[in-house]
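Fold and contact review
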Amino acid sequence: MTSRADATGARPPQRARRRAPAGAAVLREDVTEAIRAAVFEELAAVGYARMSIEGIARRAGVGKTAVYRRWRSKLHLVLDLVSAVAVQGLPAPDTGSLETDLRLLYEVTSRALRHPVAGQIIPDLQAEAARNPEIAEAMQKALREGQQSVVSGIVRAAAARGEIGADVDENLALDIVSGPLYWRAVVVRGPKLPKGYLPGLARATTAALKAL
């Protein structure tokens, strides 16, 4: 249909058709999730230095273009995934007891850290963080901030119940609570925790927080 001229003889402007952004239809969530899973597998298998977009695409069963549509480099891909871990966080225990809260937190954290993939990825990324400030910042966010929010909640609840002092140093509390398991995961790297380790750690940590 042709447009009609107005009184001045000029034709009104044609309304532009709206088009979907190029590539939007192919950014399927199932493909994105397959790529994310492939990144973790590739990091565990070959490490960050040897990881490649080609290897990730092959594991995900997609072409390289599908990866590059979402992330422009392997660095940005890894930074995105590490940052996403921080957003997910940990469940905050609320049992009404400091020791029981700590024990539940340790059980969840220990399972995550002892997962074979996590056991290989975390030390590798920490080594890369020493050479790459962007990875260092992302690791700081993922490994500290996620724990910090949960530990702060546990400490504040315990203080409100009168189990520990109201003026406890939350940064020091975070170090006391989180340090042992990360030491085990990153430095000792033993396949299994000693029997009774987590209940004993929860008791010892409770005593340490009460002494602050």
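Sequence order as written defines the numbering, with residues in each chain counted from 1. Restriction of local features to residues with pLDDT of at least 70 applies here, the model being predicted, together with a cutoff of 80 or more for giving and counting side-chain atom pairs; totals for whole chains, interfaces and linings are based on all residues. With hydrogens and water excluded, all non-hydrogen atoms of the structure serve as input to the side-chain values.

A few words on helix α5 (residues 98–114). Secondary structure is summarised from DSSP: a helix means a run of H or I of at least four residues, a strand means a run of E of at least two, and numbering begins at the N terminus for each. For a helix, the expected span equals 1.5 Å multiplied by the number of residues minus one. Taking 1.5 Å per residue, 17 residues should reach 24 Å; α5 reaches 24 Å between its end C-alpha atoms and fits that length. Exposure is judged per residue with a 1.4 Å probe applied to protein chains only, and the accessible area is read against the type maximum: over 50% gives exposed, under 20% gives buried, and values in between give partly exposed. Along α5, the residues classified as buried are Leu98, Asp101, Leu102, Leu105, Tyr106, Thr109, Ser110 and Leu113. Taken down its axis, α5 places every buried residue within 155 degrees of arc, on the same side. Relevant arc is that of directions from the helix axis to the C-beta atoms, nothing else.

Time to look at the packing of helix α7 (residues 133–161) against helix α8 (residues 170–188). Fitted lines through C-alpha atoms give the axes, limited to the stretch in contact for helices. The angle between two N-to-C directions lies from 0 to 180 degrees. Remark: α7 packs on α8, axes separated minimally by 9 Å, with the N-to-C direction vectors making an angle of 120 degrees. By crossing handedness, the relation of α7 to α8 is classed as right-handed. Contacts from Leu143, Arg144, Gln147, Gln148, Val151, Ser152, Val155 and Arg156 in α7 reach Glu170, Asn171, Ala173, Leu174, Asp175, Val177, Ser178 and Tyr182 in α8. Note on residue classes: Ala, Val, Leu, Ile, Met, Phe, Trp, Tyr, Cys and Pro are nonpolar, Asp, Glu, Lys and Arg are charged, and everything else, Gly too, is polar. A per-class count over the contact of α7 with α8 returns seven nonpolar, five polar and four charged. For any helix crossing, the convention is left-handed if the near helix is rotated counterclockwise from the far helix by under a right angle, and right-handed if that rotation is clockwise. Residue contacts are counted whenever heavy atoms from the two residues lie within 4.5 Å of one another.

This brings us to the confidence of the model for the chain. Where the model shows low pLDDT, its predicted coordinates should not be examined in detail. Each residue carries a pLDDT score, the predictor's own confidence in it, on a scale running from 0 to 100. On average, the chain scores 81 in pLDDT, and the residues at 70 or more come to 81%. Scored below 50 in pLDDT, residues 1–26 shows nine contacts in the model against residues more than four places distant or in partner chains.

In contact at an axis separation of 9 Å, α5 and helix α9 (residues 197–211) are set at 130 degrees when each is read in the N-to-C sense. Between α5 and α9, the interaxial angle falls into the category oblique. The element α5 and its partner α9 pack so that their crossing is right-handed. Judged by residue contacts, Leu98, Glu99, Leu102, Arg103, Tyr106, Glu107 and Ser110 of α5 engage Leu198, Pro199, Leu201, Ala202, Arg203, Thr205, Thr206 and Leu209 from α9. A class-by-class count of the residues in the contact of α5 with α9 yields eight nonpolar, three polar and four charged. Oblique is the label for every angle not falling under 35 degrees (roughly parallel), over 145 degrees (roughly antiparallel), or within 65 to 115 degrees (roughly perpendicular).

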